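Spelled out, the chains give:
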Amino acid sequence: MSTSSQPFVLKWGIISTGRIAMEFVKDLLVDPKTRNTTDVAHKIVAVGSRSVESAQKFISEYAPNEEGIKAYSTYAEVYADPNVEAVYIGTPHTLHYENALAALEAGKHVLCEKATTSNAAELKALLKLAKEKKLFFMEALWTRFHPLTLELKRIAEEGTLGDPVVLHADLSADFHIENLPLTHRMLDPKLGGGALLDLGPYPLFWAMLALYEHPSNKNARPSSITGSIIKTPITGVDASTSFTLNFTEHLRAQAILSCSMTVPSAHFGATIRYKNGNVLVKAPIYRPPAFTVQYYDKPGGDVVREETKAFKYVGGGWHYEADEVARCIRDGKLESDLWGHEKSIIMMEVFDEVRRQGQYVLPEGVEKVERVQ
């Protein structure tokens, strides 16, 4: 741990100038003190895009008061910049592997958007390289680091609710795909288009948090995965996908998860049912504003007590994952204790299996590391 009174400042390079990179950058510039963070801080030193003009436009729009940010017309220049310590990758899913590979080979720590890669084999190859080069790597599962999530996990695991039994979670959005260009990230199979890899990480995250991470589960992987896909006739990517995970090695628990890009999200967000009560997570499940805990008078009985907890903060909520990255790098860690490599691998293996069952095959050449059939 750093004993200095000065915060550890992490110097970032930003890969991509899309919407998610914009959200991340805006949050990096929020004063950490507004979220009671005094031990770490962030500085953007480089932005990479397809042209210097688009990189400069991004900097002017979203970091107008920051001095000395380099605008680069290639990602390679960001990786080569000696001032860059960590790279944030916000490109489409199927580009993550080659972007993260180049960053690691250049000796940079990596925060990579989800879905982390096209398949689990790509992710395992990246993690192997990161460990060999003693570099930090984390999937950008920002929801895991929110104060709401930390408090929900504390309450869910302190014992009163008992073991989890059934979880429902959905994230959907009507993208009006009939009006989108075929090259749009949600429609193009070359970009890993469809609901599963774009929206699916969030329902699956809640299963990982509430079931996989529960102490009674003892880190056991899902014992079975059942997936069902409805493809859009437009390009053949998944339009609506549901998948069920069973955790039966130590728990008797099931997660029923869904995502669709043709209807809005279900109103219930995420609902976790325990032997002695429920946890109701308010939508949207990627950034819930509140959750409610219901306690029964006896197992399976009547709700006799309800408690709702709401959370507010300055910014969009992406800064909490950035703080985690900074702390881990400062402390010489190669992975986060809260969202480590094994969880990201499980998530990608679930997506691989759901795609296999739903016969959603990515185009030839998209997967840079072949998955084992």
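Residues numbered from 1 in each chain as written. Predicted model: local features only at pLDDT ≥ 70, side-chain atom pairs only at ≥ 80, totals over all residues. Heavy atoms only, no water.

Naming follows an unreviewed UniProt entry, where the chain appears as D-xylose 1-dehydrogenase (NADP(+), D-xylono-1,5-lactone-forming) of Trametes cubensis. Entered under Catalytic activity (unreviewed entry) in the UniProt record, the comment concerning the chain runs "D-xylose + NADP(+) = D-xylono-1,5-lactone + NADPH + H(+)". Entered under Sequence similarities (unreviewed entry) in the UniProt record, the comment concerning the chain runs "Belongs to the Gfo/Idh/MocA family." (UniProt positions renumbered as here; feature names shortened; annotations may be inferred.)

**Q** I would appreciate a short explanation of the UniProt feature "domain: Gfo/Idh/MocA-like oxidoreductase N-terminal" (unreviewed entry) in the chain in the present structure.
**A** As recorded in UniProt, the sites labelled "domain: Gfo/Idh/MocA-like oxidoreductase N-terminal" (unreviewed entry) are residues 11-138. Taken end to end, residues 11-138 comprises 39% helix and 21% strand; its first and last C-alpha atoms sit 16 Å apart. (Helix = DSSP H or I, 4+ residues; strand = E, 2+ residues; numbered from the N terminus.)

**Q** Got a minute to help me understand the pairing of strand β10 (residues 253-260) in this structure?
**A** Summarising the sheet, strand β7 (residues 164-172) and β10 pair through seven bridges and their orientation is parallel. Bridging from a neighbouring strand, V166 pairs with Q254 of β10. Relative to β10, strand β9 (residues 238-247) is paired through eight bridges, and the arrangement is antiparallel. Along β10, the bridge assignment pairs S240 with S260. Counted along the chain from β9 to the antiparallel partner β10, the turn is five residues long. (Pairing = 2+ DSSP bridges.)

**Q** Help me understand the nonpolar core in this model?
**A** Looking at soluble globular proteins, one finds that nonpolar side chains tend to be buried together. Formed by 115 residues in total, the largest nonpolar core has its most connected members in W12, I14, F137, L204 and W206. A per-element tally of this core places helix α8 (residues 201-212) first, with ten residues. Apart from the residues within four sequence positions on either side, F137 is in contact with A100, L104, V110, C112, T116, L123, L126, L127, A130, L334, E335 and H341. (Core = buried A, V, L, I, M, F, W, Y, C linked by side-chain atoms within 4.5 Å. Buried < 20%, exposed > 50% of the residue type's maximum accessible area, 1.4 Å probe, protein only. Contact = heavy atoms within 4.5 Å.)

**Q** What am I meant to see in the sheet that holds strand β8 (residues 224-231) here?
**A** Each strand in a sheet pairs with another by means of backbone hydrogen bonds, the pair being arranged parallel or else antiparallel. Spatially, β8-β9-β10-β7-β11-β12-β13-β14 is the arrangement adopted by the eight strands of the open sheet, whose pairing is mixed. Each having just a single partner strand, β8 and β14 (303-310) make up the two edges of the open sheet. The mean angle between the axes of side-by-side strands here comes to 10°, regardless of whether they run parallel or antiparallel. In terms of strand pairing, strand β12 (residues 277-281) meets strand β13 (residues 290-296) through five bridges, oriented antiparallel. (Axes fitted to C-alpha atoms, helices over the stretch in contact; angles between N-to-C directions.)

**Q** Explanation requested: the pairing of strand β5 (residues 109-112) in the structure shown.
**A** Residues in a regular strand point their side chains to alternate faces of the sheet. Burial along β5 is two-sided: the face carrying H109 and L111 and the face carrying V110 and C112 are both buried. Across four bridges, the pairing between strand β4 (residues 86-89) and β5 is parallel. Residue pairing for β5: I89 is matched across the bridge by C112. Taken together, β4, helix α4 (residues 96-105) and β5 constitute a β-α-β crossover, and its handedness is right-handed. Examined bridge by bridge, β5 and strand β6 (residues 137-139) share three bridges and lie parallel to one another. By the bridge assignment, V110 is partnered in β6 with F137. (Right-handed = clockwise from strand over helix to strand, strands pointing away.)

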